[in-house]
Amino acid sequence: MFKLSAANLAPTKLANLSLVKFTLIVISIFSLSSCSVPGMLDSDNYGRNHNVYAVDFNPKDLNSISLYEMNEGDWADMGKIKNNPDAKFQITLEADFLIVQANDKLMDVPTYQTWLNYARQQLGYTEDSEYDVFNTVEEGWIYEIDLEKFPLVEGNMHRLLMYERK
């Protein structure tokens, strides 16, 4: 009959202990790194919780807007769309406010890319400067810019970056 002894179990215990240590180290590395399971499984996600859209518009003619979607580092042209409540995003000028509205899904606070570029080039703003030009009207759905405080930059085309929540 085969007899169990401490000498026979030692290599097995040592191997199990090494496997447990290795597993804990791997789990620690993943939990402390910027990697996440969604980010690793979806190559276009990078762990973000939103889709990024660029909306180009002419404030003098708001009948239509051009829509682009960020796709693996490139802007995919979604074409011109009617600027109305049925569109994914809607832009209006009312009194002294530029109003941006999401009509499809919740969004995070947009970025007025045209203003950001102007502020960096003409006003000496840096990456660390505050660019909070939007006020929240309805969280996730409607945001506005006070045009008296942040007037529209001269030029025909303007770009807003919209961050649609997934």
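Scope of this entry: the structure provided in the associated data block. Everything quoted here is computed from the prediction, not taken from an experiment. (Residues numbered from 1 in each chain as written. Predicted model: local features only at pLDDT ≥ 70, side-chain atom pairs only at ≥ 80, totals over all residues. Heavy atoms only, no water.)

Some details on the overall build of the chain
Keep this limit in mind: Helix and strand assignments come from DSSP, with helices taken as H or I runs of at least 4 residues and strands as E runs of at least 2, each series counted from the N terminus. Here the term buried applies to any residue with accessible area under 20% of the maximum for its type, exposed to any over 50%, and partly exposed to those in between, with areas from a 1.4 Å probe on protein chains only. When checking whether two residues touch, look at their non-hydrogen atoms; a contact exists if any pair is within 4.5 Å. For every accessible area listed, the method is Shrake-Rupley and the probe measures 1.4 Å; residues are considered covered only by the protein chains on display.
Along the backbone of the chain there are three helices and nine strands. Scanning the chain from its N terminus toward the C terminus, one meets helices and strands in the order α-α-β-β-β-β-β-β-α-β-β-β. Relative to its full complement of 166 residues, the chain shows a buried share of 30%. Summarising the internal contacts of the chain: among those between residues at least 6 apart in sequence, 57% fall at separations of at least 24. Accessible surface for the chain amounts to roughly 11,100 Å². Of this, 54% is attributable to carbon and sulfur atoms.

Points about the sheet that holds strand S3 (residues 74-82)
Rules: When DSSP locates at least two bridges between a pair of strands, those strands are taken to pair. Only the stretch in contact is used when a helix axis is fitted, and all axes are lines through C-alpha atoms; the angle between N-to-C directions ranges over 0 to 180 degrees.
Read from one edge to the other, the open sheet built from five strands follows the order S3-S2-S1-S9-S6, with strand pairing classed as antiparallel. Looking at the sheet topology across the chains shown, the edges are occupied by S3 and strand S6 (107-112). On average, each strand axis in the sheet is inclined to that of its neighbour by 25°, with strand direction left out of account. In this sheet, S3 lies alongside strand S2 (residues 61-71) in antiparallel orientation, the contact comprising eight bridges. The residue of S3 that forms the bridge with Ile65 is Ile81. Sheet strands touched by helix H3 (residues 113-122): S6 and strand S9 (158-165). Its angle to S6, the strand with the most contacts, is close to 45°.

A word on the nonpolar core
Applicable threshold: In these notes, a set of buried Ala, Val, Leu, Ile, Met, Phe, Trp, Tyr and Cys residues joined through side-chain atoms within 4.5 Å is what counts as a nonpolar core.
Ranked by internal contacts, the top residues of the largest apolar core, which has 26 residues, are Phe89, Ile91, Phe134, Ile145, Leu160 and Met162. For this core, the secondary structure elements donating two or more residues are strand S1 (50-58), S2, strand S4 (89-94), strand S5 (97-102), S6, H3, strand S8 (142-146) and S9. Counting five residues, the second-largest nonpolar core is a separate cluster that includes Ala54, Tyr68, Leu161 and Tyr163.

Some remarks on the pattern of salt bridges
Rule in force here: Take a side-chain nitrogen of Lys or Arg and a carboxyl oxygen of Asp or Glu: if they are within 4 Å of each other, that pair is a salt bridge.
Counted by the stated rule, this structure contains five salt bridges. Arg159 serves as the salt-bridge partner of Asp56, at 2.7 Å between the closest nitrogen and oxygen. Of the two residues, Asp56 is situated in strand S1 and Arg159 in strand S9; the sequence distance between them amounts to 103 residues. Overall, the relative accessible area of 22% leaves Arg159 in the partly exposed class. For Glu164, the salt bridge goes to Lys88, with nearest N and O atoms at 2.9 Å. Pair noted here: Glu164 is in strand S9 and Lys88 is in the loop between S3 and S4, with a separation of 76 residues, a long-range link. Residues Glu164 and Lys88 agree in their burial class; the two are buried.

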